[in-house]
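# Observations on chain architecture
Each chain, letter by letter, is given below.
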Amino acid sequence: MTLALKLDPAAWQPEIEIVPYRLDNGLKIFVLPDPRVPAVSLQLHYHVGSRHELQGITGISHLFEHLMFRGSETLGPEEFSRILQAKGGEINAFTTRDHTSYFENLPAEHLELGLQLEADRLANLKLNDENFQTERQVVISERKLRSVDSPFGLVLEQLFAAAYTQHPYQWPVIGWDQDLKRMGLRECLSYYQTYYHPGNLSVVIAGDARPDQARDLVEKHFGKIPSPGPVADLKVAEPPQRGERRALLKKVSQVEALFAGFHIVGMAHPDVYPLTLLAVVLSGGRSSRFYQEFVKPGRAVEMEAEIASPPWTSQDPDLMVLTAIAAPGQSLSQLEDDLWAALARLEKDGVQPVELARAKKLIRAQAARGLSQNFYRGLLVGLFDMKTGDAGKVNEMLKLYEAVTLEDLHRVAKEYLREDNRTVVALKPVSPEESRTLGEMV
Amino acid sequence: MANYIPEIHQATLPNGLNLLGVEYDRVPWLSLTFIAKRGAEADPPGKGGVADWTAEFLTLGTQKRTQLQLAADIEARGAALSARAGWDATVVSLEGLAEDLPELMATMAEVVQTPGFPEGEFPLLKERRRAELAHLQDDPREFANRRFTRLFFGDAPYGHPASGDLESLETIGLEDLLDFYRREFTPRESTLVMVGMAPFARMAAEAEKAWAAWSGGGPVSPPYTQAPERLRAPGTYLLDRPDLTQSEIRIGHLGLPRSHPDYHPLRLVNYILGEGGFSSRLMTRIRSDLGCTYGIRSSFNFRRAAGPFVISTFTPAAQSALVVKEIKAVVREVREAGVTAQELAEAQSYYVGHFPLGLETPRGIGSRVVSMDLYNLGWDYLQRYRERISEVTLDAAREAAMRHLQPDSLVTLVVGPAAQCSKDLEALGTLEIIS
């Protein structure tokens, strides 16, 4: 029998139903039931990312994510992916500054298989030198793809390296080339023992699953895996920036560009909401300030104010990054002057009510669209819990955006988008010949 | 569990416009997609990009509203308007909250039926495009994709990038966009796909109100269905990019049209060859065994006419020849030895099991409905899809591999630093340097 669809937008509730559990070994579980499509998103969020690394082993979190696919005592390399994919699953993982996340979007009837295999690789990972050497090569190729040969990868790396002097956000998630070449299996084994256990893990199951049954399945497969307890909280802070920092990077490029990073806040801070709305006012959509002033008339290929909005905001204070890519033939320094002038107007006059209303509705619409996906709902809950300590906060998110006032926007513009608080890295195009004289790009 | 395979409602307006609707209840979203059934393949010769520019131009102002007014009104509702040309269709998309159904429908109709073609926007569009195209050269992957298309198809309709290139940019004028619009935008060769939180009767009523009076243009260009007889000769072509540290590699030959009866067996074969991630032979060989790349995939581009079959990867430059050689060996092996019963069973269960995941979002549903309409797949296609995948036999898969993988016809493009790879590539056979 086909159930009647509920087709009244006014009756829709954005709240995510969250059923939390905790096992004796410390493992956190969040089940988000939704039976409408016979699929689940199974997510494992380990609370470790590049933030937890040290100089000399930068990139180990991401490299380790690769090693998690290289087999266990019973499974060969990549067999994990092959088995679950053969059931129709989408399998992948990603590493950020704060966490390493593995996910399987699966037909609902294969949830247990996903849990069984995840528990297997957590408990019985096969870490040997052959696997390590192969994946190190793969990651070195990935680094060349994402950082060295990509148009702005190295520029952005420089931006974070200059903006953070003491905090681990100064190095890229993929790690420095020399660290990737230097580190060995020994460091990986130590990393595995410190961070990969139930006390440092949240399991999220979003979709067509009954909470009590899902919990029992997690207990069945993870309940006996021991944990040394939660990992000690890492307290790291970047001192306030006391004056603009500037750097220049020369490489072969068709365009000149600059990236300006302003220190802002971490995800648990309430200012993340007005800051996100401010970024939308500046560059969200084709009626935005930056599009109309810079992109539409052909002065800039791109002019964006970017902030990683919740749940992607980093745990510790992040950067808001302004990207200005000059159109060929346009002066970058004039573009930069006009960009600062645009910020000065914002700081002087604030934003208009119509701009704030538009930004709020854009955010609400994006949230509504995102909530159609089990995967996104699961990420919201898992990452809110990890970065703010309260999964339930996710259901306040839309209300917090809604409560933002014109005064809030004006205040955060003045407080964060200051000259003394910014780091600017410019890309200057050079010929291939000149590029060669500047040394190897790594 | 509800029946998750959506019912597709269909109606035709008296002017010929085809309406397709899906009721969707997970979130209060509405996705409207208008397709005119000619795309970049209908660009005038030497003017690659006209269809795509026309699409964007529709969003730059109507007879009633300027670009800024239009964007401000749409974004005030939290909605997003976008338009582009692909192969076989030009697509205008407007997505927003379902509570705004009447306004979104009226806006979509206004954009498609009464574009303003404001003269003042044209030079701005041209400069933006020029800057974007220049900047694209900094992205090695996109650069290689575009260069391969041109190398392989030459001046044939699929030979230019859909968004055009720096050469065609100078030849395109506002009149070309007007011509394309007048010719290809007509209700008789168009479809409006509506997926959202509203009863179909209501979506159809709003559509009728907004679209019934549209007469449009035409006659549209004849459909492009025959691949060109002459294509680039098989061989290896090297484009020197001394500024890169890795080589981008594209290897391909002519594929099949979407209407080909071997579509399902060949998709399964291609999953095993290179589409199936870590389940694929190419990923296993080039990444897992050799550690030569982060990613590799193969794809058949099924269009109205035969599109290209392309294998794409990248590798540190010194390994270019090794990777090219290994890829060719894998293609030959799949063709000659076929796939195994286990591989086929796993590929089938992947597509069958993955099927509901593609129906989770309005966009996912919308794109499937667009394909069903564009390629006449039948309105029961979603119902029958899993059966069509499951019924492919091992013999059928092996025959498809034998018939449609052509290792001797492969055209190979390497974009990378020649100083590090040309010698080894020469050792593989004739090497032609291109610019």
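In this numbering scheme, every chain counts its residues from 1 along its sequence in written order. Here chains are named by letter from A upward and ligands by number from 1 upward, in the order in which they appear as written. This being a predicted model, a pLDDT of at least 70 is required before a residue's local features are given, and a value of 80 or more before pairs of side-chain atoms are given or counted; all residues contribute to the totals for chains, interfaces and linings.

The subject of this paragraph is the overall build of chain A. In this description a helix means any DSSP run of H or I spanning at least four residues, a strand means any run of E spanning at least two, and both kinds are numbered starting from the N terminus. A tally of regular secondary structure across chain A gives 16 helices and 11 strands. When its C-alpha atoms are laid out on the principal axes, chain A stretches across 65 × 60 × 40 Å. Once C-beta atoms are placed from the backbone, each residue is buried if 20 or more other C-beta atoms lie within 10 Å of its own, exposed if 12 or fewer, and partly exposed for counts between those two. Counting all 442 residues of chain A, 53% fall into the buried class. Pairs at least 24 residues apart make up 82% of the contacts formed inside chain A by residues separated by at least 6 positions. Contacts here follow a simple rule: the backbone-placed C-beta atoms of the two residues must lie within 7 Å.

When helices and strands are counted, chain B shows 16 helices and 12 strands. The atom set for the radius of gyration is the C-alpha atoms, and the globule formula is 2.2 Å times the number of residues raised to the power 0.38. Computed over the C-alpha atoms, the radius of gyration of chain B is 23 Å, within 12% of the 22 Å expected from 2.2 N^0.38 for a compact globule of 435 residues. Within the span of chain B, comprising 435 residues, buried residues form 51% of the whole. A fraction of 82% describes how many contacts in chain B between residues 6 or more apart in sequence connect residues 24 or more apart.

Our next topic: the sheet that holds strand β3 (residues 29–36) of chain B. Residues and elements named next belong to chain B. The sheet built from 6 strands is open, its strands ordered β1-β2-β6-β3-β5-β4 with mixed pairing. Two strands in the sheet have a free side with no partner beyond their single neighbour: β1 (9–12) and β4 (80–85). Here the strands of the sheet are splayed against their neighbours by 15° on average, with no regard to which way each runs. Bridge count between strand β2 (residues 18–23) and strand β6 (residues 190–196): 6 bridges; the pairing is parallel. Note on β6: the bridge partner recorded for Val22 is Val195. Pairs of strands are assigned from DSSP output, requiring at least two bridges between the strands. Here, axes are lines fitted to C-alpha atoms. For helices the fit covers the stretch in contact, and angles between N-to-C directions go from 0 to 180 degrees.

Residues and elements named next belong to chain A. Each domain span listed reflects an automatic or database assignment of domains. Structurally, chain A comprises domain 1 (16–222) and domain 2 (245–437). Summarising the inter-unit geometry, the C-alpha centres of domain 1 and domain 2 are found 27 Å apart. Between domain 1 and domain 2, the residue contacts involve 33 residues of the former and 31 residues of the latter. For the side of domain 1 that touches domain 2, the elements supplying multiple residues, two or more each, are β2 (28–33), β3 (39–46), β5 (100–107), α5 (153–163) and β6 (201–207). By residue number, the principal contributor to the side of domain 1 that touches domain 2 is α5, which donates 7 residues. For the side of domain 1 that touches domain 2, the class distribution of residues is 19 nonpolar, 10 polar and 4 charged. Polar here means any residue other than Ala, Val, Leu, Ile, Met, Phe, Trp, Tyr, Cys and Pro, which are nonpolar, and Asp, Glu, Lys and Arg, which are charged; Gly is therefore polar.

A separate point is the sheet that holds strand β8 (residues 246–254) of chain B. All names here are of chain B. The strand order β9-β10-β8-β11-β7-β12 describes an open sheet built from 6 strands, whose pairing is mixed. Of all strands in the sheet, those bounded by a partner on one side alone are β9 (296–302) and β12 (431–434). Taken over all neighbouring pairs, the strand axes of this sheet differ in orientation by 20° on average, direction set aside. As paired strands, strand β7 (residues 235–240) and β12 are joined by 4 bridges and run parallel to one another. The partner of Leu239 across the bridge, within β12, is Ile434. Seen against the sheet, helix α10 (residues 281–289) touches β9 and β10 (306–316) and runs at an angle of roughly 150° to β9. Helix α11 (residues 320–337) rests against β7, β8, β10 and β11 (411–416) of the sheet, and its axis sits at about 25° to β8.

For the rest of this paragraph, the subject is helix α8 (residues 211–222) of chain A. Since the α-helix turns once every 3.6 residues, residues separated by three or four places project in the same direction. Given the number of residues in a helix, its expected span is that number minus one, multiplied by 1.5 Å. Compared with an ideal rise of 1.5 Å per residue, which puts 12 residues at 16 Å, α8 of chain A spans 16 Å between its outermost C-alpha atoms and is within 8% of the ideal. Taken together, the buried residues of α8 of chain A touch β1 (19–22), β2, α3 (111–124) and β6 of chain A.

With that settled, consider the packing of α10 of chain B against α11 of chain B. Residue and element names in this part refer to chain B. Packing of α10 against α11 brings their axes to within 10 Å, and their N-to-C directions diverge by 150°. If you check the angle between α10 and α11, you find them roughly antiparallel. Here the hand of the crossing between α10 and α11 comes out right-handed. In this structure, α10 uses Arg281, Leu282, Arg285 and Ile286 to contact α11, whose residues at the interface are Val323, Glu326, Ile327, Val330 and Val334. For the contact of α10 with α11, the per-class residue count stands at 6 nonpolar, no polar and 3 charged. Here is the rule for angles: anything less than 35 degrees is roughly parallel, anything more than 145 is roughly antiparallel, 65 through 115 is roughly perpendicular, and the remaining ranges are oblique. The sense of a crossing depends on the near helix, which, turned anticlockwise from the far helix by less than a right angle, makes the crossing left-handed and, turned clockwise, makes it right-handed.

We now examine the environment of Leu427 of chain A. Residues and elements named next belong to chain A. With respect to the helices and strands, the residue Leu427 is situated in strand β11 (residues 422–429). Along the chain, Leu427 and Val252 lie 175 residues apart, while their C-alpha atoms are 9.4 Å from each other. Residues in contact with Leu427, not counting those within four places in the same chain, are Phe152, Val155, Leu249, Lys251, Ser253, Glu256 and Ala257.

Further remarks concern the domain arrangement of chain B. Accessible area lost on assembly of the parts is the figure often given for the size of an interface. All names here are of chain B. Each assigned domain of chain B is listed here: domain 1 (9–211) and domain 2 (235–434). If you average the C-alpha positions of domain 1 and of domain 2, the two centres end up 29 Å apart. The interface of domain 1 with domain 2 comprises 26 residues on the first partner and 24 residues on the second. The residue inventory of the side of domain 1 that touches domain 2, partitioned by class, reads 16 nonpolar, 6 polar and 4 charged.

Turning to unusual backbone geometry, a few remarks are in order. Leaving glycine aside, a negative phi is the common case for residues, and trans is the common case for peptide bonds. With omega at 10°, the peptide bond leading from Pro310 of chain A into Pro311 of chain A counts as cis. Structurally, the position occupied by Pro311 of chain A is in the loop between β9 (300–306) and β10 (319–326). Here the bond from Gly218 of chain B into Pro219 of chain B is cis, since omega is -5°, no more than 30 degrees from zero. Tracing the backbone through its elements, the reader meets Pro219 of chain B in the loop between α8 (200–211) and β7. Even without being a glycine, Asp88 of chain B presents a positive backbone phi close to 85°. Position of Asp88 of chain B relative to the elements: it lies in the loop between β4 and β5 (90–97). The phi torsion at Phe117 of chain B lies on the positive side, around 40°, for a residue other than glycine. You can see Phe117 of chain B is positioned in the loop between α3 (101–113) and α4 (121–136).

We now examine helix α9 (residues 272–283) of chain A. Residue and element names in this part refer to chain A. For α9, built from 12 residues, the straight-helix expectation of 16 Å at 1.5 Å per residue is met to within 8% by its first-to-last C-alpha distance of 17 Å. In terms of burial, α9 is a largely internal element, 12 of the 12 residues being buried. Buried within α9 are the following residues: Val272, Tyr273, Pro274, Leu275, Thr276, Leu277, Leu278, Ala279, Val280, Val281, Leu282 and Ser283. Structurally, α9 contributes buried residues whose contacts are with α10 (289–295), β9, β10, α12 (353–370), α14 (397–402) and α15 (406–416). Two residues or fewer after α9 comes Gly285, characterised by a positive phi angle close to 90°.

Another point: the interface of chain A and chain B. Contacts between the two partners involve 64 residues from chain A, matched on the other side by 65 residues from chain B. Among the secondary structure elements, those contributing two or more residues to the side of chain A that touches chain B are α2 (79–85), β5, α4 (129–148), α12 and α16 (432–437) of chain A. Residues that form the side of chain A that touches chain B fall into these classes: 30 nonpolar, 18 polar and 16 charged.

Turning our attention to the packing of α3 of chain B against α8 of chain B. Residue and element names in this part refer to chain B. The geometry of α3 relative to α8 is characterised by a closest axis approach of 9 Å and an angle of 35° between their N-to-C directions. Remark: the crossing between α3 and α8 carries right-handed chirality. Residue-level inspection shows Leu101, Pro102, Met105, Ala106 and Ala109 of α3 in contact with α8, the latter providing Met203, Glu206, Ala207, Ala210 and Trp211.

This part is about the environment of Trp312 of chain A. By secondary structure assignment, the location of Trp312 of chain A is in the loop between β9 and β10. Note on Trp312 of chain A: 14 C-beta atoms within 10 Å, which makes it partly exposed.

The next point concerns the pairing of β3 of chain A. Residues and elements named next belong to chain A. Counting buried residues along β3, 8 of its 8 residues qualify, which places the element largely inside the surrounding structure. Of the two faces of β3, both are covered, the one formed by Ala39, Ser41, Gln43 and His45 as well as the one formed by Val40, Leu42, Leu44 and Tyr46. Bridge analysis of β3 against β5 gives 8 bridges, and the strand direction is antiparallel. What sits directly across from Ser41, in β5, is Asn105.

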